[in-house]
Amino acid sequence: MPKPQGINDLYTSQAEVLEAWFKRKDERDTVVKLHTGGGKTLVGLLMAQSTLNELKEPVLYLAPTIQLVKQTLEKAHALGIAAVPYVRGKPLADDFVNCKAIMVASYKALFNGFSKFGIRGSGMPVKAGAVILDDAHVAFSEVRESFTLEVKAKDDRERYDGLCTLFRAAFKNMDRLGTFDDTVSGLSNVVVEVPYWAWHEQIDAARGLLRGDGEDTPYAWPLLRDNLHLCHALISSAAFTVTSVLPLVNTFPTFADAQRRIYMSATIADDSEIVRTFDADPRHVNEALTSRSLAGISERMILIPNLMKFDFNATQVTKALLKQVADNNLGAVVLVPSNFAAKAWEDVAEFAEGSDKVEAKVQALQARTTSGPVVFANRYDGIDLPGDSCRLLVMEGLPAGTSDYELLRAATLYGGATISRMLAQRIEQGIGRGARGAGDHCVVLLVGSDLAGWIAKDANFRLLTSATRAQLDMGSTVSKEVKDVNDLASTITMSIRRDTGWVEYHADTLAENVTQETADPKRFDVAAAERKAFNNWADGYYDKAIAKLDQVTSGKEAPDDQTRGWLLQLAGRIAHNWGQNDRSDELQRSAFSVNRNLLRPRVMPPYRPMQMPGAQGTAIAHQLRGYRMRRGLLQQFEQVVSKLNANATANQFEQALADLGRMIGLSTERHDDGGEGPDVLWLLPTKIAWILEAKSRKLDKNPLTKDEHGQLLVAQQWFDKNYEGYTCLRVVVHPTNKATPAAAAHESYALTLDRLTALVADARVLLTELCESQLTDIELEGQCQQLIERSSIRADKLMGYLTLFVEG
């Protein structure tokens, strides 16, 4: 090609990737990974043009947003590559169909129920030589949306209520009626899944309601109307959602039958999602094309104020720093997980809510007509703020999903590797908003105890790319010198004012520590099995689908419990759809026994008692060893105890009570199962147990009633049946230790909110001392044991926080 004006030679990284691709160009699925700012679009366009020249078949280039479609077309024009846009409401351009130009379109243009590219089984679909999927790592939720129907409560209350009412009895049968009613009435903001057995039974009635009245048929309807059995049904206070278990991408021959499918992805992406979403071949995905070059890695000073040695209000200090940077005409930006979280920053930053406002603010920052501070909610990708448009980026809180499906999946799989990888990816994407490519620099502050606690955990830290790990380590090293707020401000200034010592230190450390991520053929086994099982199920091979899931969940290298449960539930769903109800119930029991966040089975599995805990000191030291930065454990602790107050929901309070017990070295679980068992159970190493009922939301003046005490007595009967040889204390978390005479509670104990606060304070003292110590992991256990001996949270002294109930 003649080289257009203003286009320099390719970067080494681009040349390396293109040469490697050319040798493997006939593989059906190819993943290309380049650092942000490493010139991915140019590489994608050259691959598209090369394929067009060779195969003489149409080539489609997909981007996630209209803005990125425009950018790609401008890039193609600058390079002298013939490219045409997809235009809504008009036929596909002749130059695309006749293989004279590449077509650039959004993912939604291809994947929708009225796709002009054609749907399997209807008309003549467009045959493509190649489909290039740009920013494939951001496209997963975009593609899922194409196979998702939502009936929004605020737009169509009648249909929403009609759909929810179909399943009220199913929730009642599962002892989840309270959760269901609170969700539908808007009292609770959780997402609940309709049990698949109820969904399959009511599918015809649901289909009638989903079809609506034929006006403005949703783009997803033609894709889902015959495939509702392959879907999840979800209920939240905002919408009734139907979404296919995995996207039915094989419905689109243009994509499914393309000779080449090239996934352009950031270096941070968890590629197993490419296998799950796009049905890509795991062998080829595992051998992604990458470059050894550091081109595209920006300079970032990443600091975590919550893990610093001095006490201060991280949010207040961060707000002052944001204002200071913006006052110096340098871009200052805040990323938060939700609109609700954004409100807390509105006293210093302008909240850009909604796509139009976001785009306008991003353009204003880029054009330097504003320096902010600006706050964006859930925009971890798709906004680029190079140069002075962002010199200070604040990320607060752990990124959450946006759709009801993502929120359900995150809650169901929380703590497992699948969600941890997704969180790592979102955090990396967020960090990448402020410095775009080599030569750019930015200070990133990660604030919020949940985010700080998450990153401080060694297992999570290892999921980040080597470049981000190196930058976090550098940030941790410079943080050690920070003694107060002024030190923090001057540390940040080192990056902004281009202090030569910092710049050289960053460059040297990065060069030493950035490594190639090693390929691991096994890492896609779970995603490939889930995809294969789904395809078999969709094709009517139920037995093959279940066998595939059985193989991966019972294999030697089975996934973590959360993921195993998710896959066993999928097997139960398939068995039920096949009409094998007994087998389905058995699979659902197995799923629930390893992951209690899943659907409660119709017949509960037998209860498995917890093991008696070992020494308290050993258990606490073991938790600390999981943290790369020990102060992260304190952040986790603060996160937990912030829910131990009268304003927290019953659900939050009970979970926090169980977590507190675990953090002080006890074995704990939440159990209340259809009125059987306690809200929370604490097992102490002394063969004593606390059966805890939580009544934290009661008013101070209301004493414990006969009915409430009755619940505790029932819980004790359950305990005595399941834990032979244990002594138990009956404990109610209650505002006071007053009970009505009829309650006859004089042998039961109150853990009043005041005494609970004292217990939390004493635990904080112990954990702070351990987190601040410089001891090695081995010495830490001895130190922990010594501190426990002197502490009032020692298991045999814990009774000191309890008081007997008295009549009043």
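Quick note: structure is the one above.
Here is what the cut-offs are and how they apply
- Residues numbered from 1 in each chain as written.
- Predicted model: local features only at pLDDT ≥ 70, side-chain atom pairs only at ≥ 80, totals over all residues.
- Heavy atoms only, no water.
- Helix = DSSP H or I, 4+ residues; strand = E, 2+ residues; numbered from the N terminus.
- Polar contact = N/O pair within 3.5 Å; in protein donor to acceptor, adjacent residues only side chain to side chain.
- Pairing = 2+ DSSP bridges.
- Axes fitted to C-alpha atoms, helices over the stretch in contact; angles between N-to-C directions.
- Contact = heavy atoms within 4.5 Å.
- Parallel < 35°, antiparallel > 145°, perpendicular 65-115°, else oblique.
- Nonpolar A, V, L, I, M, F, W, Y, C, P; charged D, E, K, R; others polar.
- Phe/Tyr/Trp six-rings, centres within 6.5 Å; stacked < 30°, edge-to-face > 60°.
- Buried < 20%, exposed > 50% of the residue type's maximum accessible area, 1.4 Å probe, protein only.
- Lys NZ or Arg CZ within 6 Å of the ring centre and 35° of its normal.

Asker: How would you summarise the environment of D484 if you had to cite specific residues and measurements?
Answerer: Within the secondary structure, D484 is located in the loop between α23 (466-479) and α24 (485-496). For D484 and T768, which are 284 residues apart along the polypeptide, the C-alpha to C-alpha distance reads 19 Å. There is a polar contact of 3.1 Å between the side chain of D484 and the backbone nitrogen of N486. Here the side chain of D484 touches D487 through a polar contact of 2.9 Å, landing on its backbone nitrogen.

Asker: Account for the sheet that holds strand β13 (residues 350-352), with residues named and values stated.
Answerer: Taken in spatial order, the six strands of this open sheet run β11-β16-β15-β12-β14-β13, and their pairing is parallel. Among the strands making up the open sheet, the edge pair consists of β11 (299-303) and β13. Taking each pair of neighbouring strands and ignoring which way they run, the sheet shows an average axis angle of 25°. Sheet analysis places β11 next to strand β16 (residues 441-447), joined by five bridges and oriented parallel. The residue bridging I302 from the neighbouring strand is V444, located in β16. Lying over the sheet, α23 contacts β11 and β16, oriented at roughly 55° with respect to β11.

Asker: With reference to specific residues and values, describe the sheet that holds strand β23 (residues 803-804).
Answerer: Strands sit in the order β17-β18-β19-β20-β22-β23 across an open sheet of six strands; the sheet is mixed. Among the strands making up the open sheet, the edge pair consists of β17 (667-670) and β23. Against the sheet, helix α34 (residues 753-772) contacts β18 (680-683), β20 (727-734) and β22 (749-752), and its axis sits at roughly 65° relative to β22.

Asker: I'd like to hear about the packing of helix α26 (residues 525-538) against helix α28 (residues 561-577), residue by residue, with values.
Answerer: For the pair α26 and α28, interaxial distance at closest approach is 11 Å and the crossing angle is 10°. Classified by the angle between their axes, α26 and α28 sit roughly parallel to one another. Facing α26, whose interface residues are V526, E530, A533 and W537, α28 presents T563, W566, L567, L570, R573, I574 and N577. Taken together, the residues of the contact of α26 with α28 sort by class into seven nonpolar, two polar and two charged.

Asker: Now, about the packing of aromatic side chains: what can you tell me, with residues and values included?
Answerer: Applying the stated rule across the entire model yields 23 aromatic pairs. Consider the rings of F111 and F255, whose centres lie 5.7 Å apart with planes at 70°: the pair is edge-to-face. Here the residue F111 occupies a position in the loop between α5 (107-110) and β5 (130-133), and F255 occupies one in helix α13 (residues 253-256), the gap between them amounting to 144 residues. Judged on exposure class, the residue F111 and its partner F255 are both buried. Through a chain of ring-to-ring contacts, three or more aromatic side chains come together here, namely F111, F140, F147, F252, F255, Y263 and F278. Directly above the aromatic system of W345 lies the positively charged group of K319, at a separation of 5.7 Å from the ring centroid. Note that R409 overlies the ring of W566, its terminal NZ or CZ placed 5.0 Å from the centroid.

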